[in-house]
Amino acid sequence: MRKRDARSAARGAVAQPERLGTAADAAGFGLSARSFVRSFVPWLALMAFLALPPFVGSQSWLLAYLAQTATMIVFALSYNLLLGETGLLSFGHAAYAGLGALIAARVFNASGMPLVLLPLVGGMGGALCGGLFGLIATRRSGTAFAMITLGLGELVVAAAWTLPGWFGGEAGVAIDRASGPRFFGLSFGPAREAYALIALWCLAASMAMFALSRTPFMRLANAVRDNPARAAALGCYPARIRYGVVVLSAFFAGMAGTMGLVNIELVSTESVGMMRSGAVLIATVIGGTAAFFGPVAGALVLTFFSVIVASVTRAWPFYLGLFFVAVVLAAPDGLAGFCVRHAARIAAQGWRRCRAAYLWSVLAALLWSATVVLAVQWVYAARFGVDEGAAGVLFGFGANVGADGAPLVSASSVASWWPAVALALLAALGALTTRCAMRAHARFTSPSSGDAR
Amino acid sequence: MIPALGLYGIEKRFGATRILRGVDLEIEPGERHALIGPNGAGKSTLFNLIAGGARPSAGRIHLFGAEITRLAPAAIARRGLARSFQSTSVFARLSVFDNLRCAAMLAERDRTRWWQRVTGSPAIDARATELLDAVGLGARRDVQAGTLGYAEQRALDLGIALAGGAHTLLLDEPTAGMNRAEAARAIELIRETTAGRTLLMVEHDMDAVFAIADRISVLVQGRIIASGSPAAIRADAAVRAAYLGERQ
């Protein structure tokens, strides 16, 4: 691992300007034309992801899924202003999103303002909360900051339950998104129109945060992240910089919360809770905090699990957790860092030399995934029987459940032993291919320790 | 004349241990002053007190006549005192150029309006570029600072301190951990770049001390036992016994 880092560092001299990208852009020293074009690719991909699927099919689940993804993208990007740019680990980020959305819902219901501008109101609501909580939280950094945000997050949840008048209690606060004044003939009642609004706000917020991440102010935030004592010795107050970032981040979090409000027309107490704060942390870390588009990738992965996988099996949090642990172990710099590293390796070694190693890796990953999925689904099917749907029937648990409510009865039948055999076989194959893959990869890392020096 | 930096009766205790036992020192504007002394004499502690990293148990610190004893590090920095750190201290995940830009941005604060925190400004970039060349890192402009070699990081550290535009500089062992050639280059760099500024440096390398300093103070066991020109210090019997003799 370390060897590989040293190597990429040594080789990184050429790649650095692009990856940092910051100095040159803002200073107006143009990057080369090719990397300028390449810097647009992620944006085009994001636009394509948001815009194309609705033309293919406009089932309501698809729009709901896309809207959730768009919301999570903005939410995770706002979180990364704290975690990636300023080095602040927050456990209470959902509070800004939830309270921003709550304020937006209250304002919308009271004033009848146009729905189009609602995310701005939510953003300002979020920033207001950020300004308030930040006063306390940003006095410390590191673990103390994390603990304070955890406490504040719990505080908001407790307040949500004890003040049903403000937070709407069990039912939450609902809006009717079609009740505002029409905007160029659009009522935003239909899901398609609401989704278009959400997607556009997602793009606008992402671009705003991208621009923000290139500003000198954010470089100061980076400086405070890297070395607060040094930054202070230059005459910069680290706590003030942190405060500024918390307010900005809370603004975009409030925006994300309001996009969710537009989607489901409801703010519930869940939207301020720990689950949501944990989800955005997981999304950001999976995607990678070092690259701007890392959290976007993480948001895509997270909503894939929480919507698509969740629609197939109730074991989805298990898979998400497993994937999270795998990412943190194998690529602490997230999917973005993983891709950058391996793209650099392929560029340096040539695809032909790397091919075998990657093919073995993919094979090993597939085999292990199959093993895990099979094992988990088996256990879930044994436990929940028909509830698990198709999987339960597949393993032969479905039939007996209704009769006596003891699904494990059928586990003793000979027919249901085949998964155990299959599991053992798959695991053995997985171990074998992992060995091959590791050997193939070792061929790259061992000679490289020489050229790192 | 008002001294650039005045220390009056500085004491520092950690529990029952007295690290500094009443340090008095005045440094004239434009002077290059070296602070030498054996390990554990309290040199780095004194630096930390001056820069605001900790507060003295007793005594006052003046910067151009204004008391800075109880100010925060950032507030002291804004009054024109910059420091380098004993351990290398750069912003590891920023590019070399951005390291200097951050420092320059804070230096130009009188002329920097808040929106330039958003848009950047050519004056800041020009200053950062100037410093980049001055410390000889022009070729490493866009490299991540954390990946630089040790000597280069020290040079960048000095550049960051200088880019702040401070009139008074505290350098803590600027040549520590360098080989002879690197140290010689660093000394030359310090001589060139600190012209016209007040300099207080801690240094173990006697070549560096005698090459740079106008005046030398010797700190032994929390007290300044001698202060004077390099020639006078070299000749001082007490210093020879307490410090120089010990090393030769």
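Conventions adopted
Residues numbered from 1 in each chain as written. Chains lettered and ligands numbered in written order. Predicted model: local features only at pLDDT ≥ 70, side-chain atom pairs only at ≥ 80, totals over all residues. Helix = DSSP H or I, 4+ residues; strand = E, 2+ residues; numbered from the N terminus. Buried ≥ 20, exposed ≤ 12 C-beta atoms within 10 Å, placed from the backbone. Contact = placed C-beta atoms within 7 Å. Domains from an automatic or database assignment. Nonpolar A, V, L, I, M, F, W, Y, C, P; charged D, E, K, R; others polar. Core = buried A, V, L, I, M, F, W, Y, C linked by C-beta atoms within 7 Å. Axes fitted to C-alpha atoms, helices over the stretch in contact; angles between N-to-C directions. Parallel < 35°, antiparallel > 145°, perpendicular 65-115°, else oblique. Pairing = 2+ DSSP bridges. Right-handed = clockwise from strand over helix to strand, strands pointing away. Expected span 1.5 Å × (residues − 1). Left-handed = near helix turned anticlockwise from the far one by under 90°. pLDDT = per-residue confidence, 0-100.

**Remarks on the overall build of chain A**
Summing up its helical and strand segments, chain A has 22 helices and two strands in all. When each of the 453 residues of chain A is scored for burial, the buried share is 43%. Across chain A, every contact between residues at least 6 apart in sequence was considered, and the portion connecting residues at least 24 apart equals 75%.

**What about the environment of B:Glu11?**
Residue and element names in this part refer to chain B. With respect to the element layout, Glu11 can be found in strand 1 (residues 5–14). Using a count of 16 C-beta atoms within 10 Å as the deciding quantity, one classes Glu11 as partly exposed. Considering only alpha carbons, one finds Glu11 and Pro56, 45 residues apart in sequence, at a separation of 5.8 Å. Among residues more than four places away in sequence, those in contact with Glu11 are Arg18, Leu20, Arg21, Gly22, Pro56, Ser57, Ala58 and Gly59.

**Description of the domain arrangement of chain A**
For chain A, the assigned domains read domain 1 (40–343) and domain 2 (355–452). When grouped by side-chain class, the residues that make up the side of domain 1 of chain A that touches domain 2 of chain A number three nonpolar, one polar and one charged.

**Re the nonpolar core**
In this structure, A:Ala70, A:Val74, A:Ile198, A:Cys202, A:Phe252 and B:Leu100 are the most contacted members of the largest nonpolar core, which totals 177 residues. In contact with A:Phe252, not counting residues within four places along its chain, are A:Val74, A:Leu77, A:Ser78, A:Gly123, A:Ala205 and A:Met209. Formed by seven residues, the second largest nonpolar core is a distinct cluster that contains A:Trp360, A:Leu367, A:Leu426 and A:Ala437.

**A few points about the packing of helix 6 (residues 60–86) of chain A against helix 15 (residues 274–287) of chain A**
A packed helix pair is summarised by two numbers, namely the angle formed by the two axes and the spacing between the axes. Residue and element names in this part refer to chain A. Packing of helix 6 against helix 15 brings their axes to within 9 Å, and their N-to-C directions diverge by 75°. In terms of orientation, helix 6 lies roughly perpendicular with respect to helix 15. The segment helix 6 lies against helix 15, with Met72, Phe75, Ala76, Tyr79, Asn80 and Leu83 engaging Val280, Leu281, Ala283, Thr284 and Gly287.

**With respect to the environment of A:Val74**
Residues and elements named next belong to chain A. Tracing the sequence through the fold places Val74 in helix 6. Val74 sits in the buried class, given 32 other C-beta atoms within 10 Å. Those residues in contact with Val74 that sit more than four places away from it in its chain are Cys202, Ala205, Ser206, Phe252, Met255, Ala256 and Met259.

**A few points about the pairing of strand 1 of chain B**
Successive residues of a regular strand alternate their side chains across the two faces of the sheet. All names here are of chain B. As defined by bridge partners, strand 1 adjoins strand 2 (residues 17–27) across eight bridges and the pair is classed as antiparallel. Residue pairing in the sheet places Leu5 in a bridge with Ile27 of strand 2. Alignment of strand 1 against strand 4 (residues 58–63), held across five bridges, turns out to be antiparallel. Considered in strand 4, the bridge of Tyr8 is made with Arg60.

**Things to note about the pairing of strand 8 (residues 198–202) of chain B**
All names here are of chain B. Most of strand 8 sits inside the fold, with five of its five residues counted as buried. Burial along strand 8 is two-sided: Thr198, Leu200 and Val202 facing one way and Leu199 and Met201 facing the other are all buried. When strand 3 (residues 32–36) meets strand 8, the two strands line up parallel, connected through four bridges. Paired with Ala34 across the strands is Met201, a residue of strand 8. Across five bridges, the pairing between strand 7 (residues 168–172) and strand 8 is parallel. In the sheet register, Leu169 faces strand 8, and the bridge partner there is Leu199. In this region the chain leaves strand 7, passes through helix 7 (residues 180–193) and returns to the parallel neighbour strand 8; the handedness of that crossover is right-handed.

**Some thoughts on helix 7 (residues 93–111) of chain A**
All names here are of chain A. With 19 residues, helix 7 should cover 27 Å at 1.5 Å per step; its first-to-last C-alpha distance of 27 Å lies within 8% of that length. When you tally the buried positions in helix 7, you get 14 out of 19 residues, the bulk of the element. Phi for Gly112, located one or two positions after helix 7, is positive at around 65°.

**Concerning the environment of A:Gly235**
Looking at the secondary structure, you find A:Gly235 in the loop between helix 13 (228–233) and helix 14 (238–264). Classification of A:Gly235 as buried rests on a count of 24 C-beta atoms within 10 Å. Once residues within four sequence positions are removed from consideration, A:Gly235 is found in contact with B:Ala74, B:Ala77, B:Arg78, B:Leu106 and B:Gly164.

**A closer look at the sheet that holds strand 8 of chain B**
All names here are of chain B. An order of 6-7-8-3-9-10 is seen for the six strands of this open sheet, with the pairing classed as mixed. Sheet topology places strand 6 (81–83) and strand 10 (223–228) at the edges, where each strand pairs with a single neighbour. Between one strand and the next, the sheet's axes are offset by a mean angle of 15°, whatever the strand orientation.

**Observations concerning the packing of helix 4 (residues 41–51) of chain A against helix 11 (residues 191–213) of chain A**
Residue and element names in this part refer to chain A. Packing of helix 4 against helix 11 leaves a shortest axis separation of 10 Å and a crossing angle of 165°. Judged by the angle between their axes, helix 4 and helix 11 are roughly antiparallel. In this structure, the crossing between helix 4 and helix 11 has a hand that is right-handed. Within the contact between the two elements, helix 4 uses Met47, Leu50 and Ala51 and helix 11 uses Ala199, Cys202 and Leu203. Here the contact of helix 4 with helix 11 is composed, by residue class, of six nonpolar, no polar and no charged.

**With respect to the sheet that holds strand 4 of chain B**
Residue and element names in this part refer to chain B. Taken in spatial order, the four strands of this open sheet run 2-1-4-5, and their pairing is antiparallel. Edge positions in the sheet fall to strand 2 and strand 5 (66–67), since each of these pairs with one other strand and no more. Inspection of the sheet shows strand 4 paired to strand 5 by two bridges, in the antiparallel sense. Paired with His62 across the bridge in strand 5 is Glu67.

**A short note on the confidence of the model for chain B**
The share of residues in chain B with pLDDT of 70 or more is 93%, and the mean pLDDT across the chain is 86. Across the interface, the model reports ipTM at 0.86; the global pTM reads 0.84.

**Thoughts on helix 1 (residues 43–51) of chain B**
In terms of residue burial, helix 1 of chain B counts as a mostly covered element, since eight of its nine residues are buried. Looking only at helix 1 of chain B, the buried set comprises B:Lys43, B:Thr45, B:Leu46, B:Phe47, B:Asn48, B:Leu49, B:Ile50 and B:Ala51.

**Concerning the confidence of the model for chain A**
Residues and elements named next belong to chain A. Of all residues in chain A, 84% have pLDDT values of 70 or greater, and the mean over the chain is 82. Of the regions scoring below 50 in pLDDT, residues 397–412 engages in 23 contacts with residues more than four places distant in sequence or in other chains. Across residues 448–453 the pLDDT falls below 50, and counting only partners more than four positions away or on other chains, this stretch makes seven contacts in the model.

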